[in-house]
Every structure is written in structure tokens, then in C-alpha cells.
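Take a look at the letters that make up each chain.
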Amino acid sequence: MALEKGPYIGDVTALCFAALPSRAVLAGTGAQLDCYNLEMGARYFPSVHVFDGIRVHGIVAAAVESSALPPAIVAVHGEGKAKLFRLSSEGLEPWQFVPRFSKWILDVQIFTKDDGHNVVLAIGLSDNTVCLWDTSAKKIVSNFHCPERCLLYSMRLCGDSIQSLQVAAGTIYNEVLVWALGGKGSTCEAKIVHRLCGHEGSIYRITWSTDGCFLGSVSDDRSARIWNLQTKAVIVLFGHTARVWDLHIDAKMFITASEDCTCGVWSLSGELLRTLKGHTGRGIWRCIFDRQLSMLVTAGADSSIKLYSLSERALIPTTAKEMVMYRIDTGKNDGFLDSRSEYVRCLCFEGPSSLFIATNQGLLQRASLLPSGDVKQVSILQTPERSPLVCLDIFKEQLVTPEGCPSKEVLVACGGGQGRATVLRITSEGQIAWQSTWIAEAERQLLGAFWCKSLGSRFVFTTDPKGGVRCWAMNGETSEGPRHLAYFKSSLSSRIVCMDASLEKQVLVCGDQKGSLLFFHFDSVLFEMEDPAVVEELDSFRGAHGISAVANVSISEFSNEGTKTISTGRDGCVCEVFYQRGQLSSVLSCHRVEKIAAITVLESVLCLSGSKRRIGLGFSAADFVLWDITNEVELKRISCGGWKRPHSSFVGELPETQFCFAFVKEQTICICRNWDDSDDSSKGHPLQALQKQSHGREVHSILFFPDTDWLFSGSEDGRVQISRYAQEDLTVFASLEEHVGGSAVRALALSTRVYNSKTEASGIDDMQHAVLFSAGAKEVLTCWELFDKPEQISARWLSTHSTFSKKSGVNKDDLRYMALTVFAVESDGVPVYFVVAAMSNAILTVKAFDSSSKTWSRIAVLQHHKCPVLTLHHAVLPCFSQGTLANRFFVFSGCTDGSIAVWDLTNSVASFTVGEREKAQGLRPLSGRGSQGGKARRRLNHQRHPSQQQILKDPQSSPDLSQDAAVLSPVLVLSCCHQSGVNSLYVCATSSSTLSIVSGGDDQSLHSSVLSMQEGAGSTIRVLSRQNVANAHSSAVKGVWSDSEWIFSTGLDQRVRCWQIAQDNRLTHSCSCIIDVPETESIDAHRSSESSYRITVAGRGVQVLNLAVIAVRKNSTRECGSFAMTPS
């Protein structure tokens, strides 16, 4: 029997470059050491476990040119321990272990002596001493003491040899002492060389320049200081909004890493050149820079390791990079705008060197950006009576000239205030080769003109204020003008702002100004009709982006699931919707919603054809942001004043060096252009992430998908994440949508089995109804439908229930969910999910979620506890009642007063599934992605379309449907299970009528109770036995898991303990293991084979463990939390 530790995902606390056949990076993640190939972006070899329960605080690698020694030596230290490894491309081989020191090790340096035949380790300790460890003698040969004996927060050693070694120590008195080693012998006094004062907070890290002339320090006071040890001059770097954790000194710049999740790139004079973003959570712990590769590597609390290319060009401030500014010369503006002033209405990039401009006085211009930095403006069109141009779109055809050269002509569609639409073909010289103008709408009713890129230049679409779209067929370049084909009429009466169409799938997809997506029938039959057809919408998804406008929509691909549509919105989300049209009705489903945390207004998402990277373009506050979604790194940030002003962007295949952005500010068009077509390899390595981003804050809940190695975790950062354990590695697979308002995820529950309220048989395939529920702060409930596909698990958003208000930023009662459990019951062939949630006011609520109508109903309130409930579980048992076998539904709650209550929900479940559900079906369903329902509920008296029920008008809040909910009392209360709070409990079946309850509390004990469910009417429960294991852990027990044979527990003592259950239900401690996860919060497990268990623990990170057992499995299945537990 053995408990073995597996991989850990969490804080990356140490970084170091290493010389292998290709450049490598060593990273310390928790207690393990990883080695990454910079060229391949992958691990050289599997992770190496260094310490037990101790984080890696520092890594030092040194190349040794001696046949008597390894070619490369790596020293790793954490707390008071240090280990030496031999490094090669084959892996890391343990070499020597330094005995543990009573003080923490703050820094280590590797030196060679005796002509390179011996290695000496200089070890800096937190009591301001330095020890020399001789690897040949395997002992400490010298100790050096600073004259000022004090405790340190940081230390850094510098020198090419032991004789030239200097020590920089950051003391608890907020000063830096620089001292040099002195004398010879086993114990030597040293002398202080410099005393550097100026910081107003604790000094967290110290770094030296390569020549030893400069010293850098970072502090709790949010600043970094660069000290010139020769001239005594100091440069203060101040600009971070939180504590600074790390600093690198380069010959041409300074780099800082901060708790605000940014890296600052500073000039040698102290000017902030760039702010690099990409990490989330508690900050960036470490940064290292390689001058030869111009490569910056950062690592932080979100477990990600990111690469940035910092070439010479990157050291120019963003605002100064090829910024071209000019003013439209109308000759009438005197600096103040009035009703007669001319100003820009629309901007649209034709390419990296050409921009089209439309004004409110009907002037269409083309601005060419010349290589010299000048701007050439050409006036193309002036509308009659100087009527304003209100919309503009461009389409570049892939044509070839008679000479065989690519055509540089472009098609422009624009609309004026008098209702006229105009299409022009513009030559490369800015001349009009062909023009067509027609009346598209009444005066002031033409608001948009669009090309659909997939349809080419055959069709132009125009929009009006009432949600209508007109399709015009271009009759070639003739004088007849376009033909009006169809009018697509929206039932939502909201202006259409973007669209895409496909003749192959016969669908037109539109996004409107209020966040909804509309689907219309669009095929070649429309072209054959003599009169324009009026086309009603086939289906709509209201609130796909809440109440924020849809910014962009595109038809992505076609599959068996339907037509895949990707939309982006000003809510900062990417919405993936599948539309499938049948013979009688259409099916519209939202499969995935992705929140781009770095962008609040998401304009579009580009999928680069040359790679798998996705680039998001949008705004964050007053800045335009170019964001690498794949690697979660910020590429560009331009201060422009926000998204409401006219703007346009153009991005190439390499966004780092191929990017244009134009915006209007104070009657001036500002163009930020950074475009390089060369293939010069000196630009640096392409941007990538060596390790994927995970939760940046504490993980409160974790679950296995039944009988698989897929994991679901919910964190303080508001995200639900899917990870996978495979081939001894734990990798992040996907991240689900953030909770509303960014609220923390406190609990997860998974339902994979659907019960019948009358009999044990379900009649519904379990795996087709796997639904994940998450509960969090701000009283938010969110659920996703899960699909178990080969080699992956995909999730589709179903619904979100919340009282959170985006306007006020709080929910009305400021309540938070603390715990959650879910079970599903069949009603008329449809699964209804009963969600039991514990709120911070000590009240438990029972809500029913109807998966067909997407409605939430509050059916019961469980009142008994006077203190908050921190943990919930449920059990479903078949029992005979009046000669009939029926399922009984029980819920178990653990309170902070140490008691456990048992609740019988059987009657409430039966009442809702038989009668109350029919009433709830008459109410309008929730719709929309982030919308969460409507302010006022009313019954559906009619349907607008056969395939669509009436949708909510305002989908921003979601009150419960049922105002009158039953108030229930517990059927049993187990008092004094713990002396203080019950942090976790788990329920499993030991027979067809008995349940075992295991709980862990703040009193460091485990409690086990066995209950017998008596057959007959009512809820007759008898306590068969109770057992308490005192001091099961040396600190509070935070998580327990159990089946009929084993109990696994974890606590704040950073240990996992395994307990075997005897036949008399007594617990026997079997084995334990120190884990790498500090501040543990949750545990889950499943039986991976007949002789092994898979265990996962979450807290500040996630770790997987494996337990090999020799036991005969008992004849039972479990139900724990959301898992079914029906005896066989």
C-alpha cells in the first residue's frame, strides 16, 4: 500500500536559464522542478519532485568545464533545504543533499576551485550569514558573519570567485547592507561596504548587475530602486499599483515584476517604456531576461510561464512608434465645434497603409501612409447637399489585372443621412472607376451598409433603426443600379449592427444593438422573386451578450451539431452558438461562452491562419487593447479615450510587428502604425506560453468527472476550469465563463444521474445529462451541460441565476452561497435539477431548475441552523413505503456550530415534479448568456414564432418564480459532532438502508456516523453508531471523501491521510503524505481501478495523488454530493 504524489499546478516561484543543447528554462512550481525547451515550447523531461511540502524558492544553474564534474550543476533551495542536481538533456539526476539549516536559505551561488575539480556552494542565510559547503568533503568549511546580526527578508550574492564575493542583504529595518567576506578560517567576520537607505517597506528581493556596479531592490512600498555603488546615485522606479516582487538589471533597461500582475520595462533613466500584462491572480513572482535572445520570461501565481520578445524596437515607448497625426483640412473649423463644423463620422482601414475617412458633411477621403512618414490625402466623394455619411464598409476583391498582377482596387459601400446608399470601385490612385447610388431608406433611416465577405461583391446589406435589413443584389457595373431582393424583419425592433451570411447553409445571422443574435432564412430562391420578399426571423437568441451590443458575428463552420456562429460583444465575451434547422422547427443552442478578462468591450477575435493563435481586439476603460487569447498575453495597449469615438484597426499575421490602429481625438485623427513585412530573425522568438494559465487565486472546490481523470475546479478568481490528468501530467484544458460580476466560486456540484421520484429506475441515459453547477459570492448560480467526447470534455452554458445588479455592483441582500449540492429527478421525460444551496445568512434554499424551459423555481426553505453552513451533501435511497418502492431524497448540512442536520426533501420533490412544474412551464424562460432573466415575470399567452417562446424584455436579473416556498425542518440533528465548525462532510451508502456520514472540522478531528433509514411512511432515521477520531490532523480538517472501504482527509497541516473502514465501521489510519498544496480547501477521489484510487486536492493550487491498495471491493456504489449512490 502506497500513497504517491503526482503533478502539481500552482504558484511558480523560481526561474532560471540553463544551457542545454538548446536554451532552456528551469522553473520551480511548488515543490517540483520543470525544464522547458525555449525553441520547442515544451518540457525537456518530466517534472522532478525536489522537496516534501516545501516550495522551491530559488534555482541556480552553472556550467562546469571539467571532466571530473558534471557538465552542468543545478542548485535548488527552499526554506532551510538545498539540493544539488546534475543537469543534462536526459534529465535531472540528484547529486548531493545539503543538511537542513535552522534558518531559511535566501540565495545560493556555485563556485569551482582546485582547477575546476571541486565545487563549493556559497549559501546565504536569513540571519545574515554565509556558509561555504564543500561538495568533496560534504561539509561546511567556512562561516561568514555580518557585523550587524539581524534578520533578513532577502539576500543576494555576487562574485566570480569566493574571494570576490559580495553580499547584499535586505534587513527588517528597510535598508540594504552590502558587505564583503573577510579573513580565512571556519568562522570569519566580514566588513560592511555600503548601507543603502530609502525604502519605506520590507525589501522583498535584491538583484545585482552583471558587473557588480549596480544593485537593485524591490519593496513593499511599491517601488524599485537602482543603486549605483560607485557614484552613490539612485534611480527610483515608481509606477506599480501593488507590491513589487522581482527586478532584473540589464545593460539597456530595467524590468520589474509586481503583485499587480504586470511587468514594467524601464529605461536607464527611470522612464516607464512598456507595461506587459498577461498574468492574473496574486501577481508575478519572478522575471528573468536573456540579452542574447532578447527574451523575457515571467512566472506568477496563476501557474503560467510566459515569454515576451524585448528587442531594441520594443524599448521605444508605444506612443512614439510610428504615430502619424494629422487634421482634416476643411478650412472652416476654428478649434471649436458647432452645428456647422465638420468632423469625422467613420474610419475604416483598407490595409496597413491606407485609411478611408467619412465625415458628417458627406466627404469621403482616402489617407495613404507613406514610407517617409507623411500622409497623402485624396478626396474621393462629396455627397449632394453635403448630407452626412453615417456608415462605411470596405471590401477588397481578389482580382487579377489583364497583365496578371493582383488588382489593388477596392469596393466601398457607404450610406448618407438622406437615405442614399452608394457603392464605389476605387483605384489605387484614389479615382472612382465605377459608382452606383440609390435610395435605400427614407431620410435619416439609413444607419448601416455592410458587405458579407463570404458572399463576395454580389450583395450589399443596409439597415434601418427598427431592426430591419435590406439585401441588394449588385447587377454588375451597369447603370441599372442594384435590385432589392428582400427585407429581413426583426421581431426585437433593435438596430442591426453586424451580420454574416452563408448561401450553403441558407442562413443570415445578425447581431443587434441590445446583445441579441437573430437567424434568418437566406437562399437563392430570393433571387428569383420579382418583388422584394419580407423574411421573418427563424429564431433568435436574446441577450446572447446581455444588454451590450453585439460587435461582430461570423459563421465559422458546419458540423452535425449545426451551423457554428461566433459572436463578440461589448460585454467582453465570445459566444459560440450552434443553429440547426429542421423540417418543422429550428434548434438554437449556446455551446460556449468565453470571457476575455483583459477586455471589457470586445470588438472582434481574429484566428491567425499561420498559427493556432487567437487575437482579441477591444477596449479596456479608455485604452485600446490587442490581446493574445491563446497565450493570455497583452500585445498592445493604446490610450485613445474609449470605444465610443470613431476608430478602426488592422492586424496582420504577426500582431507584434503588424498592427495599425486609428482613432479620433480632439478633431485629430491619430494613427498608430507598427508594420514590418521583413522576415528578419533578429526580432526575437515568437510569443508563446511555456505553461498554461490556471487559477491565480485560491481554489475552493474540486471534482472528478465520474470514472475519468477530468477535473473541474472553482476558484476565488470567479472561474470554473477543466483540467486533465494523463500520462503522469496535469494540464489545463479549458476555462469556463466567469461568474457574474467576477464573483468568487465557492462550491461546485456535478449531476450525472437522473432519478425517478417513484421507482429506482431512471429511464434516462446518465451520461447524456451531465450538468455542472457552480455557486459563488453575490448569490450567483451557474450551470453548464457537459459532453463526454473522446479525448475531451466540452461544456455548454445553460443558465445563470443571480440577484446581482451590474448597475449597483451588489446584490440586494449582499448574500453569498457557501455550499452546494444537486440531484436530478425525471419529470415527463425531462430532467429537473434540484439545487440545495447554503447561504451566508444560515438559511438553506432548495431551487428547481427545469432543463427544458430554463426556469428556476424556489420550492423550499430549510430553516434550523443559527450559524452559517459550510458544507452540503445529499443521498438518494430506494425505500419501501406502503408496499411501494420509491426513492427518498435526503440532504445533509454541516454547520459552524459543530452540528449536522438531516433533511428529507422527498415530498417537496414529488410535489414539484407532479404539479408545480406545470405552473412554472407557463412562465417565460430565462434567455441570454449573461442576462440572468427578467425583472418582471408573466405568463406566456402567445408565441411569436412556432420555434420560439416569448423572450424577456430586460434580462438583467433573475428572481425566483415561486414566491411561496415551503419551510422545512430537519428530521434529525446530530449535535456536538465537532467542538467547532464542520468544514466538510461526505455521505456514502453501506447497504440498501444504511448511510455513513464522515465529517471534518476545525477541532482537527474526524467524525463518523452510521444511520439506518427505516422502511415505512415518514422519515424514520435511527443512529446506529457514532465515532470521533481526535487529532486526526494537526490542524483544521478542510476536506473528506469516502466510499464503503476508505476515507481520505486533508487539512491545513498540508497532509492527506488515508483511513480504512473496518467491518464494525471503526477507522484505522493506514498511510499519509505531505502534499505540495498549501491552504487546502477541498478533496475528491475516485477508484481508478480495482487496486488503486485517484485523489485530488485543491487550495493554493491543485495536485493529484495515487493510492495503491490491496482490498476486495464491497458490493455498493456511492452517492456523494452530486454523484448517484444507488446500491446494486
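Residues numbered from 1 in each chain as written. Predicted model: local features only at pLDDT ≥ 70, side-chain atom pairs only at ≥ 80, totals over all residues. Heavy atoms only, no water.

A count of helices and strands for the protein gives two helices and 87 strands. Taken across its 1128 residues, the protein has 61% of its residues classed as buried. Sequence-distant contacts, at least 24 apart, represent 51% of the contacts inside the protein between residues at least 6 apart. Here the protein has roughly 44,000 Å² of accessible surface; of this, 48% comes from carbon and sulfur atoms. (Helix = DSSP H or I, 4+ residues; strand = E, 2+ residues; numbered from the N terminus. Buried < 20%, exposed > 50% of the residue type's maximum accessible area, 1.4 Å probe, protein only. Contact = heavy atoms within 4.5 Å. Areas by Shrake-Rupley, 256 points an atom, 1.4 Å probe, with all protein chains shown as cover.)

We now examine the sheet that holds strand S20 (residues 214–219). Pairing is antiparallel across the open sheet formed by four strands, whose spatial order is S19-S20-S21-S22. Two strands lie at the open edges of the sheet, namely strand S19 (203–208) and strand S22 (234–238), each paired on one side alone. Averaged over all pairs of adjacent strands, the angle between their axes in this sheet comes to 15 degrees, without regard to strand direction. (Pairing = 2+ DSSP bridges. Axes fitted to C-alpha atoms, helices over the stretch in contact; angles between N-to-C directions.)

Summed over all chains, the structure comprises six cavities of 30 Å³ or more. The calculated volume of the largest cavity comes to roughly 70 Å³. If you go around the largest cavity, the residues you meet are Ile9, Ser694, Ile702, Leu711, Phe712, Ser713, Gln721, Ser723, Leu730 and Val1102. Mapped onto the lining of the largest cavity, the elements with two or more residues apiece are strand S60 (710–715) and strand S61 (720–726). (1 Å grid on protein atoms, 1.4 Å probe; cavity = no way out; pocket = protein on both sides within 12 Å on 5 of 7 lines; lining within 4 Å. Points joined across faces, edges and corners; volume = space filled by probe spheres on them.)

This next bit is on the nonpolar core. By size, the foremost hydrophobic cluster in this structure holds 33 residues, and its most contacted members are Leu517, Phe541, Phe705, Phe712, Leu772 and Leu786. Counting residues in each nonpolar core, the second largest holds 30 residues, with Phe1048, Val1077, Ala1085 and Tyr1093 among its members. (Core = buried A, V, L, I, M, F, W, Y, C linked by side-chain atoms within 4.5 Å.)

A contiguous nonpolar patch, built from Leu151, Tyr153, Ile172 and Tyr173 and spanning about 420 Å² of accessible area, is present on the exposed surface. Relative to the elements of secondary structure, Ile172 occurs in the loop between strand S15 (166–171) and strand S16 (175–180). The class for Ile172 is partly exposed, based on a relative accessible area of 35%. (Patch = residues over 30% accessible without salt bridge, like charges linked within 9 Å, V, L, I, M, F, W, Y side chains within 5 Å. Salt bridge = Lys/Arg side-chain N within 4 Å of Asp/Glu carboxyl O.)

Turning to the environment of Ser304, a few remarks are in order. Considering the arrangement of structural elements, one finds Ser304 in the loop between strand S28 (295–300) and strand S29 (305–309). Those residues in contact with Ser304, other than ones at most four positions away along the chain, are His279, Thr298, Ala299, Gln691, Lys692 and Gln693. Among the polar contacts made by the side chain of Ser304, one reaches the side chain of His279 at a distance of 3.1 Å. At a separation of 2.8 Å, a polar atom in the side chain of Ser304 contacts the side chain of Asp302. (Polar contact = N/O pair within 3.5 Å; in protein donor to acceptor, adjacent residues only side chain to side chain.)

This part takes up the pattern of salt bridges. In the structure shown here, the tally under the stated rule is 36 salt bridges. Residue Asp11 pairs with Arg282 through a salt bridge whose shortest N-O separation is 2.9 Å. Here Arg282 lies in the loop between strand S26 (272–277) and strand S27 (284–290) and Asp11 lies in the loop between strand S1 (2–9) and strand S2 (12–19), a separation of 271 residues in the sequence. A relative accessible area of 2% places Asp11 in the buried class. For Arg282, a relative accessible area of 13% translates into the label buried. Where Asp11 meets Arg1100, a salt bridge forms, and the shortest distance between an N and an O atom there is 3.4 Å. Of the two residues, Asp11 sits in the loop between S1 and S2 while Arg1100 sits in the loop between strand S86 (1092–1099) and strand S87 (1101–1108), which places them 1089 residues apart along the sequence. Residues joined by salt bridges that share partners form a network here, namely Asp11, Arg55, Arg282, Glu698, Glu1079 and Arg1100.

As a further point, take the confidence of the model for the protein. Reading fine detail from the predicted coordinates is not recommended where pLDDT is low. Per-residue confidence for the protein gives a mean pLDDT of 84; residues scoring 70 or more make up 84%. Within the model, the stretch residues 318–323 combines pLDDT values under 50 with 21 contacts to residues more than four positions away or in other chains. (pLDDT = per-residue confidence, 0-100.)

Evaluated as defined, the whole model comprises 30 aromatic pairs. In textbook terms, an aromatic cluster arises when at least three aromatic residues are bridged by ring pairs, as seen for Phe459, Phe461, Phe488, Phe520 and Phe522. (Phe/Tyr/Trp six-rings, centres within 6.5 Å; stacked < 30°, edge-to-face > 60°.)

Of note in the backbone geometry, Lys232 takes a positive phi value of approximately 70 degrees without being a glycine. By secondary structure assignment, the location of Lys232 is in the loop between strand S21 (223–228) and S22. For Glu632, which is not glycine, the phi dihedral falls at a positive 55 degrees. Along the polypeptide, Glu632 turns up in the loop between strand S53 (623–628) and strand S54 (633–639). Taking relative accessible area as the criterion, Glu632 reaches 21% and is therefore assigned partly exposed.

As paired elements, strand S37 (residues 420–426) and strand S38 (residues 432–439) share seven bridges and run antiparallel to each other. Within the sheet, the bridge partner assigned to Val423 lies in S38 and is Ser436. Two successive antiparallel strands, S37 and S38, enclose a turn made up of five residues, where Gly430 displays a positive phi of approximately 90 degrees.

Turning our eyes to something else, we now look at the sheet that holds strand S41 (residues 469–473). What links the strands of a sheet is backbone hydrogen bonding, and the strands pair in either a parallel or an antiparallel sense. Taking strand neighbours across the sheet as the criterion, the eight strands line up as S39-S40-S41-S42-S46-S45-S44-S43 in an open arrangement whose pairing is mixed. The open sheet is flanked by strand S39 (448–450) and strand S43 (496–502), the only strands paired with a single partner. Adjacent strand axes in the sheet meet at a mean angle of 25 degrees when their direction is disregarded. Sheet topology places strand S44 (residues 507–512) next to strand S45 (residues 517–521); five bridges connect them, and they run antiparallel. Bridge assignment links Val507 to a residue of S45, and that residue is His521.

This part covers the environment of Ile555. With respect to the helices and strands, Ile555 occurs in strand S47 (residues 550–559). Ile555 sits 56 residues away from Met499 along the chain, and the two C-alpha atoms are 9.2 Å apart. Beyond its immediate sequence surroundings of up to four residues, Ile555 is in contact with Asp500, Ala501, Ser502, Val507, Val509, Thr563, Lys564 and Thr565.

Scanning all chains against the criterion turns up zero disulfides. Not engaged in a disulfide, the cysteine Cys35 finds its nearest cysteine sulfur in Cys16; these two sulfurs lie 9.9 Å apart. Owing to a relative accessible area of 0%, Cys35 belongs among the buried residues under this scheme. (Disulfide = S-S within 2.5 Å.)

As for its position among the elements, Gln506 is in the loop between S43 and S44. Through-space distance from the C-alpha of Gln506 to that of Phe522 is 4.6 Å; in sequence the pair is 16 residues apart. Aside from chain neighbours lying at most four places away, what touches Gln506 is Phe520, His521, Phe522 and Asp523.

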